[in-house]
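Each chain, written out:
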Amino acid sequence: MAQEPSPEQISQFVERFAGVLANSGVPTMSARVMGAMLVSPTGTMTAAELADALKISQPAVSGAVRQLLQVSFITRERLPGSRKDHYRIREDVFATILERRNQGLGEWESTSRSGAELFGFDTPVGQRLTEAADFFAFIHTDMDQMIKSWRTEHPR
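None of these values were measured; they are calculated from a predicted model.

Caption draft 1: Summary view of the packing of aromatic side chains. Per the counting criterion, the structure on display carries four aromatic pairs. Ring geometry for F135 versus F136: centroids 5.9 Å apart, planes at 65°, classification edge-to-face. Note on F135: relative accessible area 49%, which makes it partly exposed. By relative accessible area, which is 15% here, F136 ends up buried. Connected via pairs of aromatic rings, a cluster forms that spans F13, F17 and F94.

Caption draft 2: Molecular detail of the pairing of strand β3 (residues 85-89). Where strand β1 (residues 44-46) lies against β3, three bridges are found, and the strand directions are antiparallel. Bridged to T46 within β3 is H86. As judged from the five bridges shared by strand β2 (residues 74-78) and β3, these two strands associate in the antiparallel manner. In the strand pairing of β3, T75 is matched with R88. Counting the residues in the hairpin turn of β2 and β3 gives six residues, including G81, whose phi is positive at 85°.

Caption draft 3: Seen up close, the sheet that holds β3. With respect to topology, three strands assemble into an open sheet ordered β1-β3-β2, the strand pairing being antiparallel. A single partner strand is all that each edge strand has here, and the edge strands are β1 and β2. Pairs of neighbouring strands in the sheet enclose a mean axial angle of 35°, with direction left out of account. Contacts between helix α4 (residues 58-70) and the sheet are confined to β2 and β3, with β2 contributing the most and set at about 110° to the helix.

Caption draft 4: Seen up close, unusual backbone geometry. Positive phi is not limited to glycine here, since K55 has a value of about 55°. Within the secondary structure layout, K55 lies in the loop between α3 (47-54) and α4. Residues other than glycine seldom take positive phi values, yet S72 does so here, at roughly 60°. Relative to the helices and strands, S72 is located in the loop between α4 and β2.

Caption draft 5: Quick look at the side chain of D92. Topologically, D92 is positioned in the loop between β3 and α5 (93-119). A polar side-chain atom of D92 sits 2.9 Å from a polar atom in the side chain of R90. Residue contacts for D92: discarding those within four places in its chain leaves R151 and R156.

Caption draft 6: Fine view of the pattern of salt bridges. The full count for this structure, using the stated rule, is ten salt bridges. Between D85 and R78 there is a salt bridge, with its nearest N and O atoms 2.9 Å apart. Owing to a relative accessible area of 52%, R78 belongs among the exposed residues under this scheme. The salt bridge involving R151 is made with E99; its shortest N-O contact spans 2.9 Å. Pair noted here: R151 is in helix α6 (residues 124-153) and E99 is in helix α5, with a separation of 52 residues, a long-range link.

How each quantity is defined
Residues numbered from 1 in each chain as written. Predicted model: local features only at pLDDT ≥ 70, side-chain atom pairs only at ≥ 80, totals over all residues. Heavy atoms only, no water. Phe/Tyr/Trp six-rings, centres within 6.5 Å; stacked < 30°, edge-to-face > 60°. Buried < 20%, exposed > 50% of the residue type's maximum accessible area, 1.4 Å probe, protein only. Pairing = 2+ DSSP bridges. Helix = DSSP H or I, 4+ residues; strand = E, 2+ residues; numbered from the N terminus. Axes fitted to C-alpha atoms, helices over the stretch in contact; angles between N-to-C directions. Contact = heavy atoms within 4.5 Å. Polar contact = N/O pair within 3.5 Å; in protein donor to acceptor, adjacent residues only side chain to side chain. Salt bridge = Lys/Arg side-chain N within 4 Å of Asp/Glu carboxyl O.

Here it is, written out as structure tokens:
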């Protein structure tokens, strides 16, 4: 059986995980909150627990939580007998993150195609934009299929 990690090791992991999320576009404080919640033994945390675990202010937690709720990466719930809000990472959060990024690829594709049409498909600019659109379409289709496969193999 693996030895339980120390508080310092947990903190280092949360910061490393948050750094990876932040490098891919998640706001830093929201990434830190997600990291802390991910390693929570119960799977839920209150704002006060998040502030304590991350050594940040309540307003910083509030802003991060608000942003994560707006993009549906976490949920808010009340536990029986508790008067505090508890936050939980959605079970399918990582598929949801990639699904949203994939929607962006669809927008990149359509914008690139409209640019190719604007500049002319037979011009150097049009050819570059067409190649970009084809690439985005290829990745978009594959990513969409991978997310569907994941959800089929891992139903909630």
